[in-house]
Amino acid sequence: MAIGLHGFSETMRGTWTPTDGSGRRVCWFSVDADATDAAAYVKGGVMQLDGSFFAEGLAENVPVKGTLEVQLLRRRIAYRLEFTGADGKPYRYLGEKTLGLMRPLHGLTTLPAELTDAHGARIGTSLTRFDARRDLAGFLRSMRPAEPARHARKSRAS
């Protein structure tokens, strides 16, 4: 009867670079991760994401939804976010943290990604980071442990 993770909140900040050559721009996202779909979490480490996304000149402070796939044995954490740009078109932010043995903190805090249109064509690249000095305390406070299975069954029976 282990207590698992129910969810947490995370903010990643950095830049994105459009493929049109217009130069580097501000990019960030702030999401709440939710693992209440126990089957999806146990099967593939999948959590649902919901929050806000900002990519200067593309989508500024828009709602974002997606998934976070945690595969510790494969040493990867994959982000798949979907949002609507200022032009009304759908876009995706696809990133993956690689958990290296030599630099584990770097792997946990650095997220290279690409931005694509609805057809999968790359429109830019991104590099965001989790700022531990600025955001670690809030991240830790946001962690929501799952209820033990026995307690959860009692709650549902009430």
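First things first, this report covers the structure right here in the doc. Here the residue numbers are simple positions, counted from 1 along each chain's written sequence. Selection of residues for local features in this predicted model requires a pLDDT of at least 70, selection of side-chain atom pairs for listing and counting requires 80 or more, and totals for whole chains, interfaces and linings are taken over all residues. Values shown for side chains rest on all heavy atoms present in the structure; no hydrogens or waters enter the calculation.

1. A look at the overall build of the chain
- Secondary structure elements follow DSSP: runs of H or I of four or more residues count as helices, runs of E of two or more count as strands, with numbering from the N terminus. Check the secondary structure of the chain and you find four helices and nine strands.
- Shown N-terminal to C-terminal, the secondary structure of the chain runs as helices and strands in the order β-β-α-β-β-β-β-α-β-β-α-β-α.
- With a 1.4 Å probe rolled over the protein chains alone, any residue whose accessible area is under 20% of its type maximum counts as buried; one over 50% counts as exposed, and the rest are partly exposed. Per-residue burial for the chain yields a buried fraction of 34% across its 158 residues.
- Taking the contacts inside the chain whose residues are at least 6 apart along the sequence as the reference set, 43% of them involve residues at least 24 apart.
- The Shrake-Rupley method, run with a 1.4 Å probe, gives the accessible areas here. Residue values count only the displayed protein chains as cover. Surface accessibility of the chain: about 9600 Å² in total, with carbon and sulfur atoms responsible for 55%. Here a residue-residue contact requires only that any non-hydrogen atoms of the pair lie within 4.5 Å.

2. Some words on the pairing of strand 5 (residues 76–84)
- When strand 4 (residues 59–71) meets strand 5, the two strands line up antiparallel, connected through eight bridges. Residue pairing for strand 5: Q71 is matched across the bridge by R76.
- Strand pairing is assigned whenever DSSP identifies at least 2 bridges connecting the two strands. Connecting the antiparallel pair strand 4 and strand 5 is a turn made up of four residues, with R75 showing a positive phi of about 55°.
- As defined by bridge partners, strand 5 adjoins strand 6 (residues 90–98) across nine bridges and the pair is classed as antiparallel. In the strand pairing of strand 6, T84 is matched with P90.
- Counting the residues between successive antiparallel strands, the hairpin from strand 5 to strand 6 contains five residues, one of them, G88, with a positive phi of roughly 85°.

3. Thoughts on the pairing of strand 6
- Every second residue of strand 6 is oriented toward a common face, the buried set being Y91, Y93, G95 and K97 and the non-buried set P90, R92, L94, E96 and T98.
- Bridging between strand 6 and strand 7 (residues 110–117) involves five bridges; their strand directions are antiparallel. By the bridge assignment, G95 is partnered in strand 7 with A113.

4. Some thoughts on unusual backbone geometry
- The phi dihedral of N61 falls on the positive side, at around 60°, and the residue is not glycine.
- On the secondary structure map, N61 appears in strand 4.

5. Quick notes on the packing of aromatic side chains
- Stacked, edge-to-face and tilted labels apply to pairs of Phe, Tyr and Trp rings (six-membered ring for Trp) whose centres lie within 6.5 Å, assigned for plane angles under 30 degrees, over 60, and everything in between, in that order. Scanning the entire structure with this criterion turns up six aromatic pairs.
- Ring geometry for W28 and F54: centres 5.8 Å apart, planes at 5°, overall stacked. Of this pair, W28 sits in strand 2 (residues 25–34) while F54 sits in strand 3 (residues 46–55); the two residues are 26 residues apart in sequence, bridging distant segments of the chain.
- F54 gets classed as buried once you look at its relative accessible area, which sits at 17%.
- Seen from their ring centres, F83 and Y91 are 5.9 Å apart, and the 25° between their planes marks the pair as stacked. Accessibility assignment for this pair places F83 and Y91 in one class, buried.

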